[in-house]
Amino acid sequence: MMSTAYAATPELPPGLSWPKISIVTPSFNQGAYLEKTIRAVLLQGYPNLEYIIIDGGSTDQSVAIIKKYEQWIDFWVSEKDRGQSHAINKGLAKTSGELLGWLNSDDYYLPGALFKIARAYLEDSSVGAIYGQGHLIDETGAIIHIPKLVPVTRESLFAWCFGNDFMQPSCLFTRKAWQASGPVDESLDFALDVE
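Residues numbered from 1 in each chain as written. Predicted model: local features only at pLDDT ≥ 70, side-chain atom pairs only at ≥ 80, totals over all residues. Heavy atoms only, no water.

Trainee: Sorry if this is basic, but what is going on with the pairing of strand S8 (residues 171-174) here?
Mentor: Within a regular strand, the side chains alternate between the two sheet faces. Along S8, one buried face is formed by Cys171 and Phe173 and the opposite face, lined by Leu172 and Thr174, is buried too. The sheet contact formed by strand S4 (residues 99-102) and S8 spans 2 bridges and is antiparallel. Its bridge partner lying in S8, Leu99 is registered against Thr174. Here 3 bridges tie strand S5 (residues 129-131) to S8, and the two strands are oriented antiparallel to one another. The residue of S8 that forms the bridge with Tyr131 is Cys171. (Buried < 20%, exposed > 50% of the residue type's maximum accessible area, 1.4 Å probe, protein only. Helix = DSSP H or I, 4+ residues; strand = E, 2+ residues; numbered from the N terminus. Pairing = 2+ DSSP bridges.)

Next up, the structure:
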């Protein structure tokens, strides 16, 4: 049995409802980290969540971990794929949310993250993406870097390896933005999020 969510659902002003958020987790042989990722998504307690896991045919304990939580997962599959980009595209093609994102199987959300992003979106639904302040951690979970939260521009994304600390796990984008710019380029193994 899974323990309760991080916190109670925050209230919204009358007439507003929480937008549907779809999160995809691509994974391959990440059993050492996968359960923390799954729990970090599910225990957000977000009331309008769609969660999808695309596993690349793992041979470690990943499938057993996924099965442990499958009653709370909207869709999952474990089958050979063409890599991370392909897994992300497969998962996002199955989504139905208004806000979309992917969370790799060695990343996790802090408590309340999805509510904060959803609330920011409700304040201005004309945006294409919303991002928060990600933290870089080491193997023990200790924070080793907290980036400055700066405006994201096309130019700053191209300069990401020169001090721009935009972190993809902290970003959700609208379905409209995904339809205009997706899918992820499956020929890329690195920087596919920036592309």
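Next, the rest of the story.
Trainee: Help me understand the environment of Ile73 in this model?
Mentor: Structurally, Ile73 can be placed in the loop between helix H2 (62-68) and strand S3 (75-78). Residues Ile73 and Ile52, 21 residues apart in the sequence, show an inter-C-alpha distance of 6.2 Å. Ile73 has contacts with Tyr51, Ile53 and Ile66, leaving out every residue within four places of it along the chain. (Contact = heavy atoms within 4.5 Å.)

Trainee: When you look at the side chain of Ser58 in this model, what are you seeing that I'm missing?
Mentor: Relative to the helices and strands, Ser58 resides in the loop between strand S2 (49-55) and H2. In terms of polar contacts, Ser58 uses its side chain to reach the backbone amide nitrogen of Asn29, at 2.6 Å. A polar contact is formed between the side chain of Ser58 and the side chain of Asp55, at a distance of 2.6 Å. When residues no more than four places from it in sequence are discounted, the contact partners of Ser58 are Ser27, Phe28, Asn29 and Ser78. (Polar contact = N/O pair within 3.5 Å; in protein donor to acceptor, adjacent residues only side chain to side chain.)

Trainee: Explanation requested: the sheet that holds S4 in the structure shown.
Mentor: Sheet strands associate in pairs through backbone hydrogen bonding, adopting either a parallel or an antiparallel arrangement. The sheet built from 6 strands is open, its strands ordered S3-S2-S1-S4-S8-S5 with mixed pairing. Only two strands of the sheet have a single neighbouring strand rather than two, namely S3 and S5. Averaged over all pairs of adjacent strands, the angle between their axes in this sheet comes to 20°, without regard to strand direction. Docked against the sheet, helix H3 (residues 84-93) engages strand S1 (21-27), S2, S3, S4 and S8, running at close to 150° with respect to S1. (Axes fitted to C-alpha atoms, helices over the stretch in contact; angles between N-to-C directions.)

Trainee: Mind showing me how you'd approach helix H4 (residues 113-123) here?
Mentor: Because each turn of an α-helix spans 3.6 residues, side chains separated by three or four positions end up pointing in the same direction. Looking only at H4, the buried set comprises Ala113, Leu114, Phe115, Ile117, Ala118 and Tyr121. Looking at the buried side of H4, the elements it contacts are S1, S2, S4, S5 and S8.

Trainee: Please explain the nonpolar core as it appears in this structure.
Mentor: Among soluble globular proteins, nonpolar side chains are generally buried collectively. Counting residues in each nonpolar core, the largest one holds 26 residues, and the members touching the most others are Ile21, Ile23, Ile38, Tyr51, Tyr109 and Leu172. Secondary structure elements with two or more residues in this core: S1, helix H1 (31-42), S2, H2 and H4. Dropping the residues within four chain positions of it, Ile38 is found in contact with Tyr51, Ile53, Ile65, Ile66 and Tyr69. Core analysis: the second largest hydrophobic core is formed by 12 residues, Val24, Ile52, Leu100 and Phe173 among them. (Core = buried A, V, L, I, M, F, W, Y, C linked by side-chain atoms within 4.5 Å.)

Trainee: Explanation requested: the packing of aromatic side chains in the structure shown.
Mentor: Two aromatic rings are characterised by how far apart their centres lie and by the angle between their planes. A full pass over the atoms with the stated rule returns 6 aromatic pairs. Pairing Trp18 with Tyr46 gives two aromatic rings, centres 5.8 Å apart and planes at 70°, and the pair type is edge-to-face. With a gap of 28 residues between them, Trp18 in the segment before S1 and Tyr46 in the loop between H1 and S2 connect regions that are remote in the sequence. Residues Trp18 and Tyr46 agree in their burial class; the two are buried. One aromatic cluster in this structure is built from Trp18, Tyr46 and Phe115. A cation sits over an aromatic face here: Lys36 above Tyr108, 4.1 Å from the ring centre. When the ring centre of Phe75 is taken as reference, the NZ or CZ atom of Lys94 above it lies at 4.6 Å. (Phe/Tyr/Trp six-rings, centres within 6.5 Å; stacked < 30°, edge-to-face > 60°. Lys NZ or Arg CZ within 6 Å of the ring centre and 35° of its normal.)

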